Amino acid sequence: MTESIAPPTAKTETRTTRDLAKVAVSGWLGTAMEFMDFQLYSLAAAIVFNKIFFPDVSPVIGLIAAMATYGVGYVARLVGAVYFGRMGDRIGRKKVLFITIALMGASTTLIGVLPTYAMVGIWAPILLVALRLIQGFGAGAEIAGATVMLAEYAPARRRGLISSLVCLGTNSGTLAASALWAILVAVLSEDQLLTWGWRLPFLASFLLMIFAVWIRRSLKESPVFEQREDVVDGVALAKRDLAAEANTSAVNEAKHTTRSTSTIEAALHQRKGKSFLIALGLRFGQAGNSGLIQTFLIGYLATVLLMNKSVGTTAIMIGSIIGFATIPLIGILGDRFGRRPLYIILSSVTAVFAIPMMLMVTSGNPTLVTIAVVAGLNLGVLSLFSMESVTMAEFFGARTRFTQLALAKEIGGILATAIGPILAATLTAVTGHWWPLAAMLIGYSLITLVSAAVGPEVRGRDLVRLEDAA
C-alpha cells in the first residue's frame, strides 16, 4: 500500500502503511524487551534475589536490599535519558533505538550467567548492580524513543490508538516475564529455583533482542524529524545556528519568499518548563502505581503475607492478558474524547479504589487478591500508560521532544517507581500494616489528577511544531 502516513515535504519521502507497521512492530518489540527485562528483574528481586545475592540478612532486610538493586537501574536510566535523548533530538530517532536495544539485551542476558553470593561473596551483588546500571542506561531512552517514533508516524486522528501499541509492548513484556516466573515457581522446587531455575528467563531474552535488532535495521527515520525546520542534512541545528537561520529567514520573508520564521522564533523564545512539570505529574500516577503493584506487592504477598509465590505472578499475568483489550480501548477513547477527561477519570477511580484494593489483598483469599491486583493493574497502570504514550509526545515540541519525554519518564520513574517499593518496604516493616501502600497509591493518583486538571488538551496537536504545548 502507498497510503501517506505524514504530509510529505521537500525534505521528506512519503511513508507508507508498511513503514508504519514496521515502526509499530519495532516499538512493540523494543518496549516488550525493556519491560520483560525489568519485570524479570523485579520479580526475581521480589522472589529469589534476596536469598541468592543477600543471604546473610533477615528476610525483610533482604527484600529491602533486593528492591534497592532494582532501584539503582533507574538512576542509570536518567543518565541514559539525557545522553540518548539529546542524541535522538539531534541526529534522529532511528540510530538511538538501534543502540538502546543492544545495550538492554546484552546486559539482561549476562545477568543470567552471574555467579551467586555463595560462589564469589560480595562480588555477586556488585556485578548484579553493574549489569543493572548498564541495562538501565540503555533502557533510559528506549520507551521514550519508541513512543516518539510511533507518535510521529501516526495520523493525528488515530494517534492515541496507534501510540498505545507501545503500551502493548510493555504489556507483552510484563506478561512474558510473569508467565515465565509463574511456570518456574509452579514446576520447580525451591532448591531448583534458587540454584539454576532463576537464570532461564534472563537467558531467554537474548532471542527477543536478536529479532528486535533485525527489525530496526530496516526502519526509515521519523517523518516529523525530517520535516523539522531546524534540521539540515539530517542533523538539528545548534541554538546559535538556529538563531542565524531565523535571521536569514526574516530577510527572505522581507523579499516575499515563502519561508516563515514563526516556528523557529517560537522555539527560540519559548519559556521552558511548564509542559515538562505537567508531564512529570502525569507520569507519577502510572509510574508509582506500577512500582507498588507490579514490583513491591508481589514480594509483599510472598514475604509478609506468606502466600504462595504463584498467587502474585499469576495475578499479574491475568491482568496483563486483560490489558491487551484495555490498552487499545483507552487509546480509542482518548482519540474520541480527548486526553484530559480520560486522565481525570482514571486517576480519580484509582484513588478511590486504593483502600478496597488493599483490603482485598490482605484478606488472604487468593481469588480476592487476584481480582484486586488485576483491577489495580488495569486501572492504575496500563490505562494511564496508554494515555501517557500519546499525551507526552503531544505535550513537547519537536526540537526537544525525545529529551524531555525521556527525562519526564525517568525522573518520574526515579521518584515514584524506584523509590516507591523501597519506601513501601520500609513503611510496612516499621508499621506492620498495609495502610502505607494505600496512602501511596492515593497520593500518586492525586498528583496525576491535579496535573491533568491544570494541563492543556493536546489531542491532535501538530507534532512538527518546535515549541511545547504549554
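Just so we're clear, the structure is a prediction, and the values are computed from it rather than from any experiment.

Caption draft 1: Local environment of the overall build of the chain. A count of helical and extended segments in the chain gives 19 helices and two strands. Taking all 470 residues of the chain together, 59% fall into the buried category. Long-range contacts, defined here as pairs at least 24 residues apart, represent 84% of the contacts in the chain between residues at least 6 apart. Total accessible area on the chain stands at roughly 17,500 Å², and carbon and sulfur atoms take up 69% of it.

Caption draft 2: Inspection of the environment of glycine 145 at higher detail. As for its position among the elements, glycine 145 is in helix 7 (residues 142–153). Given the relative accessible area of 0%, glycine 145 is considered buried. The residues touching glycine 145, leaving out its near neighbours within four places in the chain, are Leu97 and Phe402.

Caption draft 3: Geometry of the pattern of salt bridges. Inspection of the entire model under this criterion finds 14 salt bridges. Between glutamate 388 and lysine 409 there is a salt bridge whose closest N-O contact spans 2.4 Å. You can see glutamate 388 sitting in helix 17 (residues 366–395) and its partner lysine 409 sitting in helix 18 (residues 401–431), a full 21 residues away along the chain. Its relative accessible area of 1% is what places lysine 409 among the buried residues. Between glutamate 467 and arginine 465 there is a salt bridge, with its nearest N and O atoms 2.5 Å apart. Beyond isolated ion pairs, a larger network of salt bridges with shared partners links Asp89, Arg93, Glu152 and Arg401.

Caption draft 4: Spatial organisation of the packing of helix 16 (residues 339–361) against helix 17. Look at helix 16 against helix 17: their axes get within 9 Å of each other, and the N-to-C directions meet at 160°. Taken as axis vectors, helix 16 and helix 17 run roughly antiparallel relative to one another. Crossing hand, helix 16 versus helix 17: left-handed. Class assignment of the residues belonging to the contact of helix 16 with helix 17 gives a composition of 17 nonpolar, six polar and three charged.

Caption draft 5: Examining the confidence of the model for the chain more closely. Per-residue pLDDT for the chain averages 83, and the proportion of residues at 70 or more is 87%. Mean pLDDT per element in the chain: helix 12 (residues 239–254) is the minimum at 61, and helix 16 is the maximum at 95. Contacts from residues 1–10, a stretch scored under 50 in pLDDT, to residues over four places away or in other chains number 22 contacts. Below a pLDDT of 50 lies the segment residues 253–259, which in the model reaches seven contacts outside its immediate sequence neighbourhood of four places, other chains included.

Caption draft 6: Region of the structure containing the packing of aromatic side chains. The tally for this structure, following the rule as stated, stands at seven aromatic pairs. When the ring of tyrosine 83 is compared with that of phenylalanine 137, the centres are 5.9 Å apart and the planes differ by 35°; the resulting orientation is tilted. Of this pair, tyrosine 83 sits in helix 3 (residues 59–91) while phenylalanine 137 is found in helix 6 (residues 123–139), placing the two residues 54 residues apart along the sequence. Between phenylalanine 284 and tyrosine 444, the ring centres sit 6.1 Å apart and the planes meet at 45°, which makes this aromatic pair tilted. Taken together, the residues span a long stretch of sequence, with phenylalanine 284 in helix 14 (residues 274–303) and tyrosine 444 in helix 19 (residues 435–454) at a distance of 160 residues.

Caption draft 7: Quick peek at a nonpolar patch on the surface. The grouping of Met119, Val120, Ile122, Trp123, Ile126 and Leu127 at the surface amounts to a nonpolar patch, some 590 Å² of accessible area in total. When contributions to the nonpolar patch are tallied by element, the ones reaching two or more residues are helix 5 (117–120) and helix 6. Position of isoleucine 126 relative to the elements: it lies in helix 6. Given a relative accessible area of 40%, isoleucine 126 falls into the partly exposed group.

Caption draft 8: View of the environment of glutamine 227. In this fold, glutamine 227 is placed in helix 11 (residues 223–227). Taking the C-alpha atoms as reference points, glutamine 227 and alanine 398, separated by 171 residues in sequence, lie 9.7 Å from one another.

Caption draft 9: Up close: the side chain of glutamate 142. Structurally, glutamate 142 can be placed in helix 7. A polar atom in the side chain of glutamate 142 sits 2.8 Å from the side chain of threonine 100. A polar atom in the side chain of glutamate 142 sits 2.6 Å from the side chain of arginine 216. Once you skip the residues sitting within four places of it in the chain, glutamate 142 turns out to touch Gly30, Thr31, Glu34, Leu97, Thr100, Ile101, Met104 and Arg216.

Caption draft 10: A look at helix 15 (residues 309–337). The end-to-end C-alpha distance of helix 15, which contains 29 residues, comes to 41 Å, matching closely the 42 Å that a straight helix rising 1.5 Å per residue would cover. Where helix 15 bends most, at glycine 323, the angle is about 40°. Within two residues after helix 15, glycine 338 carries a phi angle of roughly 105°, on the positive side.

Caption draft 11: Up close: the side chain of serine 163. Checked against the element boundaries, serine 163 lands in helix 8 (residues 159–187). Of note is the side chain of serine 163, whose polar atom sits 2.8 Å from the backbone oxygen of arginine 159. Those residues in contact with serine 163 that sit more than four places away from it in its chain are Leu150, Ala151, Ser389 and Val390.

The rules behind each value
- Residue indices follow the written sequence of each chain, beginning from 1 at its first position.
- Residues qualify for local features only when their pLDDT is at least 70, as the model is predicted, and side-chain atom pairs are given and counted only at 80 or more; totals for whole chains, interfaces and linings, by contrast, use all residues.
- Side-chain numbers here rest on the full set of heavy atoms in the structure, without hydrogens or water.
- The helix and strand labels rest on DSSP assignments: H or I over at least four residues marks a helix, E over at least two residues marks a strand, and numbering proceeds from the N terminus.
- Relative accessibility decides the category of a residue: with a 1.4 Å probe and only protein chains considered, values under 20% of the type maximum give buried, values over 50% give exposed, and everything between is partly exposed.
- In this description, contact between two residues means that some pair of their heavy atoms is separated by no more than 4.5 Å.
- Reported accessibility uses the Shrake-Rupley method at a 1.4 Å probe radius. Residues are deemed covered only where the shown protein chains occlude them.
- One speaks of a salt bridge when a side-chain nitrogen belonging to Lys or Arg is within 4 Å of a carboxyl oxygen belonging to Asp or Glu.
- Lines fitted to C-alpha atoms define the axes, with helix axes restricted to the stretch in contact, and inter-axis angles between N-to-C directions lie between 0 and 180 degrees.
- Just so you know how the angles are binned, under 35 degrees is roughly parallel, over 145 roughly antiparallel, 65 to 115 roughly perpendicular, and the rest oblique.
- Two helices that cross are described as forming a left-handed crossing if the nearer one is turned anticlockwise from the farther one by less than a right angle, and a right-handed crossing if clockwise.
- Note on residue classes: Ala, Val, Leu, Ile, Met, Phe, Trp, Tyr, Cys and Pro are nonpolar, Asp, Glu, Lys and Arg are charged, and everything else, Gly too, is polar.
- pLDDT gives the predictor's per-residue confidence on a scale running from 0 to 100.
- The rule is short: rings of Phe, Tyr and Trp, with Trp giving its six-membered ring, pair when the centres are within 6.5 Å, and they are stacked under 30 degrees, edge-to-face over 60, tilted in between.
- Nonpolar side chains (Val, Leu, Ile, Met, Phe, Trp, Tyr) are joined into patches within 5 Å and like charges within 9 Å, using only residues with over 30% relative accessible area and no salt bridge.
- Polar contacts here mean pairs of N or O atoms no more than 3.5 Å apart (in protein, one a potential hydrogen donor and the other a potential acceptor; neighbouring residues in sequence count only if both atoms are side-chain atoms).
- Any helix carries an expected span of 1.5 Å times its number of residues minus one.
- We define the bend at any residue as the angle between the axes fitted to the seven residues before and including it, ending there, and the seven starting there.

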